[in-house]
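Chains, contacts and geometry: an overview
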Amino acid sequence: MEASGVTPLTQAPNFPLARDGQARRLASMAIIEPDVSDVMPFRALQTTLANGLRVIIVPTGFPHLISLQIPVQTGSRNEVEPGKSGFAHFFEHMMFRGTNRFPADRYQEIVTRAGARQNAYTTDDYTNYHATFAREDLETILDLEADRFMNLEYSEADFRTEARAILGEYNKSASDPLHKLLEVQRDHAFTTHTYKHTTMGFLADIEAMPEQFEYSRTFFRRWYRPEHTAIIVAGDVEPEAALALIERYWGAWEAGSEEPVSIPAEPPRSSPVTAHVAWPAETLPWVTVGFQGPGLSTVERDYAALDTLLDLFFGETSEIHQDLVERRQLVDQLFAHGGSTQDPSLFTVFARLKSGDDATTVRDAVLAAVGAARRAPVTGERLEEAKSNMRYGFARTLDNSESIAATLARFVRYERSYTTINDLFRVYASLTPADLHRAARTFLTDERIVVTTLSREPLPAGVLNLPSIAAAENAIDASPRINVVRVESPSPLLRFKLVFRAGSAFDPPGREGLAALAAAMIAEGGSERLRIDEINRALFPLSATFSAQVDRELTAFTGVAHRDTASRFLDTVLPQLLNPAFREDDFARLKETQLNELVQDLRASNEEELGKERLQVNIFAGTPYGHTSLGTVAGIGATSLDDVRAFAAGHFTRERLLAGVTGDIPAEIEHRLLRELGRLPGGQVAREEPVRGRRPAGIEVEIVQKETRSTAISFGHPIDVPRAHPDFAALWLGRAWLGEHRASNGRLFQRLREVRGLNYGNYAYTEAFPGGMSQFFPDPNRWRRAQLFEIWIRPVAPQHAVFALKAALHELGGLLDRGLSPEEFETTREYLSKNVYVMTKTQDQQLGAALDAVFSGTGDFVQTTQAALRDLTVDQVNAALRRHLSAQNLSVVMITKDAEALRSELLSGAHTAIEYESPKADWVIAEDQEIGAIALGLSAERVRITPLEDVFAG
């Protein structure tokens, strides 16, 4: 790869100069100067310590925060010994087990006091540890992280406990058919290379992992070494000072001494590969067509060419997408995914079918598109559109320090070099139609093809009897005032949010799901002037988006485009809102898509979100919140196109609209946006019907019977504490101590997962958090008049379900009985007061928070929250918790396979026991006895079983 311009550090005008005592140390260091062609447009300090550790420091210009990313060149690719898959992912977990100096609880205490959000992830090729925190805590976090990389310590008991939790994570994913499809695809596609297994590893290896304690030490000693690691520090940082801290805390890390371990190369294939997954539960069928392609360590130009080619031929602007998704409506999902891996891997086209009868038709359509790619080069204009989309799409991600650092980590991990990302994008920018055509002829061949299908019902005979690629190749003004909120931002992105008081709470009886369908018809149904395929084609070179989000109270339309393309963007998307087409074919497509989202994605494939949504429906039954935002099966089925037209005309109006605008955009663009919005009909203000949830007297349980490996649990009750309530901050703090979403410092997480290894995570909420599977914070613009308190127990083994429920009740009851200690209060308050910066780090979060403040009647989110936390006392928090929360009067939803057995166990009143695979401390055993003896006070009429098909039926 070509390097960007490099200047000795001591000659850099905007970096601190070396002091005399450091002149020799800094002489070999350099800063990397940005070039006009760079997509990562920042100066960076890059150097290598004597032990081989690579250091990259990037001052971003964004204030307050620093993001630390530590990519280790160790992923499932490195699991070379048979029977030892899954260890790279395992150490992502074990690295949070602590050291002698900083045990796990002390580690979490320090991270919490720093207000940091930190986590890790594992991929095929690398493991990345990341944290975002206030700039004043850089030394603390560097010290903390260095200690665990150099001095990780864990007992065999800890090892066995975490191995059990990892099996729970595998079980958690087992209800997702796509997860299994990928597992089978890779197992068949590779014979030799370690890409044969997914990052999680083979199930047999995971189950055997508790017996691999000694090998775990070998794996860690072999791969967790400075010569395989990079440290990226980006944000509000002084490079020289940061480098001195890194040398102080990381310089003593010893380089590895073991012989290098080679990764086995995958031999070339000589024939196609096919496989089928027979899925045992309800699902839509999948057809995938993959090809063995290049990796980034082989030929970069080939990789970039094939990646771009698949985007053009199978992305949203492609002919096949318009044909299968929009015109014939045979599939509801169609997308391509490249490997972006170190070594040659799979480039795959995914199609989710509405009917298995069309499997052969869809397969042949994909092969026909492959044939078209092989037959002739794309036009230069089309390729330039793809390059424009990529460049502007990338620029959209660089609006905060965490995103900049995280993006760097994805590319630094290849060669531990800051320049990799810019060098690779220069390759993309230099591609020609001939490059793409050569890649198609080289890699899209019969010998390289891997076709994998998944379905519950049998697919047509012969779907895996593939025709040849050669055969496919040859076949083929003054306006009314608009209420607007403006948020200052230096970002070159125009971002607007149009938030209407028109959520699912306004669905008429019998038409549940109407608001969501009306929003989809505007965002995804085209305008009178342009069909949706024409809109997607117009937006593609702009890398711009227009999308809708529907919640109980609000429908939010969000538009994003670069300031350079804002005028063309508004030309395209505003007619979608002002002059929607409401075509019959779009209505049929989107109606079926919404039904699939409810039945297939939520009900059938995600018991975690299913449990959370079902709990809310139960708590708010009989109110406007008594159905999901997607609606019900019956409601969606009964909705007509005339219903959609009437709802849009009556609800997407000026009176119900609050607009938000942010970005460093020309004033004329904002004026035009608001002027055009003035053309909306006037309408009437939204009605304010009371919404009051039902809190049961005692505990009531609904068991949803579903084919699944594990048991998901959610429980809670309504609370009358919106954001403007005097007790909101107190409950928010108590919730964070009990268990913040996807954070490991909470009491529930520590006691249920870390101590007992019951599951993957346990969290508490005082506001609804829909769709939170892969994010830290809820999306903005989900303000609600009525809220609930909820505890989410991520899936546990069925035999531990009752114990897990009791354990969570035990922790909740203990909090309410004893309250927070002064130290617990201070630690949590300090964490939250800093964490609010992380919660609002992106342009979207900042604008959304400003709009939500209007609906909730509060001031600026960060300032209001910090002021409320500053004025709190521990006594006020404990009093508020006891005033509003209950551990006795609760609705519970449990999702499991053997519902009758679970019901019998709940009603038996027997002591609930749990057995461990490794010894536990005496206090754990004693506490287990106390938990097992908890009486739930259930009677037969308070425990009901609901078949899965009856959930959200309407």
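Throughout what follows, the structure given in this document is the object of discussion. All values reported here derive from a predicted model rather than from experimental measurement.

**Here's the deal with the pattern of salt bridges**
- Here the structure, examined in full by the defined rule, presents 71 salt bridges.
- Between Glu 145 and Arg 148 there is a salt bridge, with its nearest N and O atoms 2.7 Å apart. Here Glu 145 pairs with Arg 148, and both are found in helix H4 (residues 138–151), just three residues apart, close to one helical turn. Just as Glu 145 is buried, Arg 148 falls in that class too.
- Taking the shortest distance from any N to any O, the salt bridge between Arg 426 and Asp 423 comes out at 2.8 Å. Of the two residues, Arg 426 and Asp 423 both sit in helix H15 (residues 419–430), three residues apart, roughly one turn of that helix.
- Taking relative accessible area as the criterion, Arg 426 reaches 22% and is therefore assigned partly exposed.
- With relative accessibility at 5%, the residue Asp 423 sits in the buried group.
- Within this structure, Arg 106, Glu 109, Arg 113, Asp 137, Glu 830 and Lys 834 form a network of salt bridges that share partners.

**Details of the sheet that holds strand S23 (residues 890–896)**
- Across the sheet, six strands lie side by side as S21-S22-S20-S23-S19-S24; this open sheet has mixed pairing. The sheet is open, and its two edges are formed by strand S21 (762–765) and strand S24 (943–947), each paired on a single side. Looking at each pair of strands side by side, their axes are set apart by 15° on average, direction ignored.
- In this fold helix H27 (residues 747–755) packs onto S21 and strand S22 (787–796), with an angle of close to 155° to the strand it touches most, S21.

**Remarks on the packing of aromatic side chains**
- Enumeration over the complete set of coordinates arrives at 43 aromatic pairs.
- Relative to Tyr 224, the ring of Phe 149 lies with its centre 6.1 Å away and its plane at 40°, an arrangement referred to as tilted. Taken together, the residues Phe 149 in helix H4 and Tyr 224 in the loop between helix H8 (213–223) and strand S8 (230–235) connect sequence positions 75 residues apart. Exposure class is identical for Phe 149 and Tyr 224. Each is buried.
- On the basis of an interplanar angle of 75° and a centroid distance of 5.7 Å, the ring pair of Phe 149 and Trp 253 is categorised as edge-to-face. Note that Phe 149 is positioned in helix H4 and Trp 253 in the loop between helix H9 (239–250) and strand S9 (273–278), a separation of 104 residues in sequence. In this structure, Phe 149 and Trp 253 share a single accessibility class: buried.
- Taking the ring centre of Tyr 215 as reference, the NZ or CZ of Lys 84 above it sits at 5.3 Å.
- Its end group placed over the ring of Phe 540, Arg 382 keeps NZ or CZ at 5.6 Å from the ring centre.

**What to know about the packing of helix H12 (residues 359–375) against helix H16 (residues 433–443)**
- The N-to-C vectors of H12 and H16 enclose an angle of 125°; their axes lie 8 Å apart at closest approach. The orientation of H12 relative to H16 falls into the category oblique. Handedness of the crossing formed by H12 with H16: left-handed. Along its contact with H12, which presents Ala 373, Arg 374 and Arg 375, the element H16 presents His 437, Ala 440 and Arg 441.
- Residues that form the contact of H12 with H16 fall into these classes: two nonpolar, one polar and three charged.

**Section: the sheet that holds strand S13 (residues 449–455)**
- Across the sheet, which stays open at both edges, the five strands sit in the order S9-S13-S10-S12-S11 with mixed pairing between neighbours. At either margin of the open sheet sits one strand with a lone partner, and together these are S9 and strand S11 (331–337). Recorded for the sheet is a direction-independent mean angle of 10° between the axes of neighbouring strands.
- Along the sheet face, helix H6 (residues 177–189) touches S9, strand S10 (286–292), strand S12 (346–353) and S13 and points at about 150° away from the line of S9.
- Most of the contacts of H12 go to S10, to which it runs at about 30°, and overall it touches S10, S11, S12 and S13.

**A few points about the environment of Tyr 303**
- As for its position among the elements, Tyr 303 is in helix H10 (residues 300–314).
- With 41 residues separating them in the primary sequence, Tyr 303 and Pro 344 have C-alpha atoms 9.1 Å apart.
- What Tyr 303 contacts, discounting residues up to four positions off in sequence, is Pro 294, Gly 295, Leu 296, Gly 339, Ser 340, Phe 347 and Tyr 428.

**Here's the deal with unusual backbone geometry**
- Its identity as a non-glycine residue notwithstanding, His 64 has a phi of 80°, on the positive side.
- Relative to the elements of secondary structure, His 64 occurs in the loop between strand S4 (54–59) and strand S5 (65–72).
- You will see that Ser 543, though not glycine, has its phi angle at about 50°, which is positive.
- With respect to the element layout, Ser 543 can be found in the loop between helix H19 (532–539) and strand S16 (545–550).
- We classify Ser 543 as buried; its relative accessible area is 6%.

**Looking at helix H34 (residues 922–932)**
- Inspection of H34 places Val 924, Glu 927, Asp 928, Ile 931 and Gly 932 among the buried residues, and these make up the whole buried set. Across the axial projection of H34, the buried residues extend over an arc of 135°, all falling on one side.
- Buried residues along H34 sit in contact with H27 and helix H28 (801–818).

**Examining the pairing of S12**
- Of all eight residues that make up S12, eight are buried, and the element is covered over most of its length.
- The two faces of S12 match: Leu 346, Thr 348, Phe 350 and Arg 352 on one face and Phe 347, Val 349, Ala 351 and Leu 353 on the other face are all buried.
- Across seven bridges, S10 lies against S12 in antiparallel orientation. Across the sheet, Val 287 pairs through a bridge with Ala 351, a residue of S12.
- Relative to S12, S11 runs antiparallel, the two being bridged by six bridges. Within the sheet, the bridge partner assigned to Ala 336 lies in S12 and is Val 349.

Calculation criteria
- Throughout this document, residue positions are counted from 1 along each chain, in the order its sequence is written.
- Residue-level local features of this predicted model are given only where pLDDT is at least 70; pairs of side-chain atoms are given and counted only at 80 or more, and the full residue set underlies all totals for whole chains, interfaces and linings.
- Only hydrogens and water are set aside; all other atoms, that is, all heavy atoms of the structure, feed into the side-chain values.
- For this analysis, a salt bridge means a side-chain nitrogen from Lys or Arg found within 4 Å of a carboxyl oxygen belonging to Asp or Glu.
- Strands here mean DSSP runs of E at least two residues long; helices mean DSSP runs of H or I at least four residues long; both are numbered from the N terminus.
- Three labels apply to residues, based on accessible area from a 1.4 Å probe with only protein chains included: buried if under 20% of the type maximum, exposed if over 50%, partly exposed otherwise in between.
- Here, any two strands with at least 2 DSSP bridges between them count as paired.
- Throughout, an axis means a line fitted to C-alpha atoms (over the contacting stretch in the case of helices), and angles, computed between N-to-C directions, take values from 0 to 180 degrees.
- Contacts were defined at the residue level, with two residues in contact if any of their heavy atoms lie within 4.5 Å.
- Each Phe, Tyr or Trp ring, with Trp reduced to its six-membered ring, pairs with another whose centre is within 6.5 Å; inter-plane angles below 30 degrees give stacked pairs, above 60 give edge-to-face pairs, and intermediate values give tilted ones.
- Only Lys NZ and Arg CZ are tested; either one counts as a charge over a ring when it is within 6 Å of the ring centre and within 35 degrees of the ring normal.
- For classification purposes, an angle smaller than 35 degrees is called roughly parallel, one larger than 145 roughly antiparallel, one from 65 to 115 roughly perpendicular, and anything else oblique.
- By convention, the crossing between two helices is left-handed when the near helix turns anticlockwise from the far helix through less than a right angle, and right-handed when the turn is clockwise.
- When residue character is reported, Ala, Val, Leu, Ile, Met, Phe, Trp, Tyr, Cys and Pro are called nonpolar, Asp, Glu, Lys and Arg charged, and the others, Gly included, polar.
- Directions from the helix axis toward the C-beta atoms define the arc.

Nothing here speaks to function; it is geometry throughout.
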